[in-house]
Amino acid sequence: MKNYATYIAGKIFKFAELFGYNVHWNDTTKEVTIFDRIKYFKTIDDCAIDFYMNFNAMSIGIFREMGATVKKCDKGFYWDGVCIGNQEDIPEYKFDFDGAVAILHTHGGCGGAKNTISPKDRALAKKRKMPIYMCSPVGQCWKYYPEEKSIMFYDGAPVDLRCLKHLEKEGYRGLEKNVAKFNEYFPKYYDLKDEPYGHTADYYNKMFAIGEVYVLRADADE
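Here goes a summary of the coordinates provided. The structure displayed is predicted, hence computed values, not measured ones.

Here is what the cut-offs are and how they apply
- Residues numbered from 1 in each chain as written.
- Predicted model: local features only at pLDDT ≥ 70, side-chain atom pairs only at ≥ 80, totals over all residues.
- Heavy atoms only, no water.
- Helix = DSSP H or I, 4+ residues; strand = E, 2+ residues; numbered from the N terminus.
- Contact = heavy atoms within 4.5 Å.
- Areas by Shrake-Rupley, 256 points an atom, 1.4 Å probe, with all protein chains shown as cover.
- Phe/Tyr/Trp six-rings, centres within 6.5 Å; stacked < 30°, edge-to-face > 60°.
- Buried < 20%, exposed > 50% of the residue type's maximum accessible area, 1.4 Å probe, protein only.
- Lys NZ or Arg CZ within 6 Å of the ring centre and 35° of its normal.
- Salt bridge = Lys/Arg side-chain N within 4 Å of Asp/Glu carboxyl O.
- Expected span 1.5 Å × (residues − 1).
- Bend = angle between axes of the 7 residues up to and from the residue.

**Comments concerning the overall build of the protein chain**
Within the protein chain, the secondary structure is distributed over six helices and eight strands. For the protein chain, the α and β elements follow one another from N to C terminus as α-β-β-α-β-β-β-α-β-β-β-α-α-α. Sequence separation of at least 24 residues holds for 55% of the intrachain contacts in the protein chain that already meet a minimum separation of 6. Surface accessibility of the protein chain: about 12,000 Å² in total, with carbon and sulfur atoms responsible for 54%.

**A look at the packing of aromatic side chains**
Taken as a whole and judged by the stated rule, the model has nine aromatic pairs. Ring geometry for phenylalanine 51 versus tyrosine 52: centroids 5.6 Å apart, planes at 70°, classification edge-to-face. Like phenylalanine 51, the residue tyrosine 52 is buried in the burial classification. Taking 5.7 Å as the distance between ring centres and 70° as the angle between the ring planes, the aromatic pair formed by phenylalanine 51 and tryptophan 79 counts as edge-to-face. Of the two residues, phenylalanine 51 is situated in helix H2 (residues 44-62) and tryptophan 79 in strand E4 (residues 76-84); the sequence distance between them amounts to 28 residues. With relative accessibility at 7%, the residue tryptophan 79 sits in the buried group. Over the ring of tyrosine 154 we find lysine 181; its NZ or CZ atom is 5.1 Å from the centre of that ring.

**Topic: the side chain of threonine 69**
Along the chain, threonine 69 turns up in strand E3 (residues 66-73). Among all residues touching threonine 69, those that are not within four sequence positions of it are Tyr78, Trp79, Asp80, Phe95, Asp96, Phe97, Ala100 and Ala102.

**Comments concerning the pattern of salt bridges**
Under the defined criterion, the tally for this structure stands at eight salt bridges. For lysine 143, the salt bridge identified is with aspartate 45, shortest N-O distance 2.8 Å. Taken together, the residues span a long stretch of sequence, with lysine 143 in strand E7 (residues 141-144) and aspartate 45 in helix H2 at a distance of 98 residues. A relative accessible area of 15% places lysine 143 in the buried class. Assessed through its relative accessible area of 19%, aspartate 45 is described here as buried.

**As for H2**
Relative to the 27 Å expected for 19 residues at 1.5 Å per residue, H2 spans 26 Å between its end C-alpha atoms, a close match to the ideal helical length. Along H2, the sharpest kink reaches roughly 45°, centred on phenylalanine 55. Most of H2 sits out of view: 17 of its 19 residues are buried. Just downstream of H2 lies phenylalanine 63, where phi reads positive at about 55°.

**Remarks on unusual backbone geometry**
Where the residue is not glycine, phi is negative for most of them; where a peptide bond is considered, it is trans in most cases. A positive phi is found at phenylalanine 63, a non-glycine position, where the angle reads about 55°. Position of phenylalanine 63 among the secondary structure elements: in the loop between H2 and E3. Positive phi, normally seen in glycine, also occurs at glutamate 147, with a value near 75°. Along the chain, the position of glutamate 147 falls in the loop between E7 and strand E8 (151-154).

**Some points on the environment of glycine 99**
By secondary structure assignment, the location of glycine 99 is in the loop between E4 and strand E5 (100-106). As for glycine 99 and cysteine 73, which are separated by 26 residues in sequence, their C-alpha atoms are 9.6 Å apart. With residues up to four places along the chain from it excluded, the contact list for glycine 99 reads Val70 and Lys71.

What follows is the structure, encoded as structure tokens:
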């Protein structure tokens with residue numbers, strides 16, 4: 001019966017790929033995960049921004065780091081193999097490094113306190129000999145190439161609405177700008193008249209777009 005389930009999962013994988021969806025197969029759990037249609041980008045930076053615009057709000061909402069890897073084909077760069085870690089990091093084994101050219105991850109589990117690429121992140125980039133990208137709960141996107149300095153290349157991703165007092169204390173006041181950039185990035189996608197659709201991240205993205213706060217942790221705004 002298990003072999004039959006694997007066979008069915010394989011068929012689902014093939015059909016989803018045929019129709020252009022971003023599909024990931026976990027060989028350990030024998031699970032197929034299907035995301036939106038694959039989008040291709042000219043640069044890794046643009047690919048990373050798209051991943052963060054889709055998943056940073058969810059990472060903040062569930063208080064877990066999220067990640068993926070960037071891959072390249074003749075159509076361009078695309079993100080693949082979305083994974084969820086814990087509050088502090090993502091175990092290395094969860095990333096799909098087969099054919100990867102860059103690592104993407106969020107810091108949504110830190111409550112707005114960790115807006116830098118950590119020494120552990122740098123070590124992973126050096127070990128895998130590829131750049132690592134990070135998006136923080138203040139909506140800033142950073143990249144680090146081994147042996148180079150970290151660079152912030154975008155600051156318009158979703159922010160943690162639960163930690164506005166903390167963010168203001170740290171000198172960050174980009175909420176209105178970030179909501180505007182988010183709504184420009186997804187024109188009419190999160191219209192109040194529409195029901196959320198697509199993947200689970202849409203639920204959190206819609207809440208961010210309309211300014212609703214996720215379930216509040218007791219210490220999130222301290």
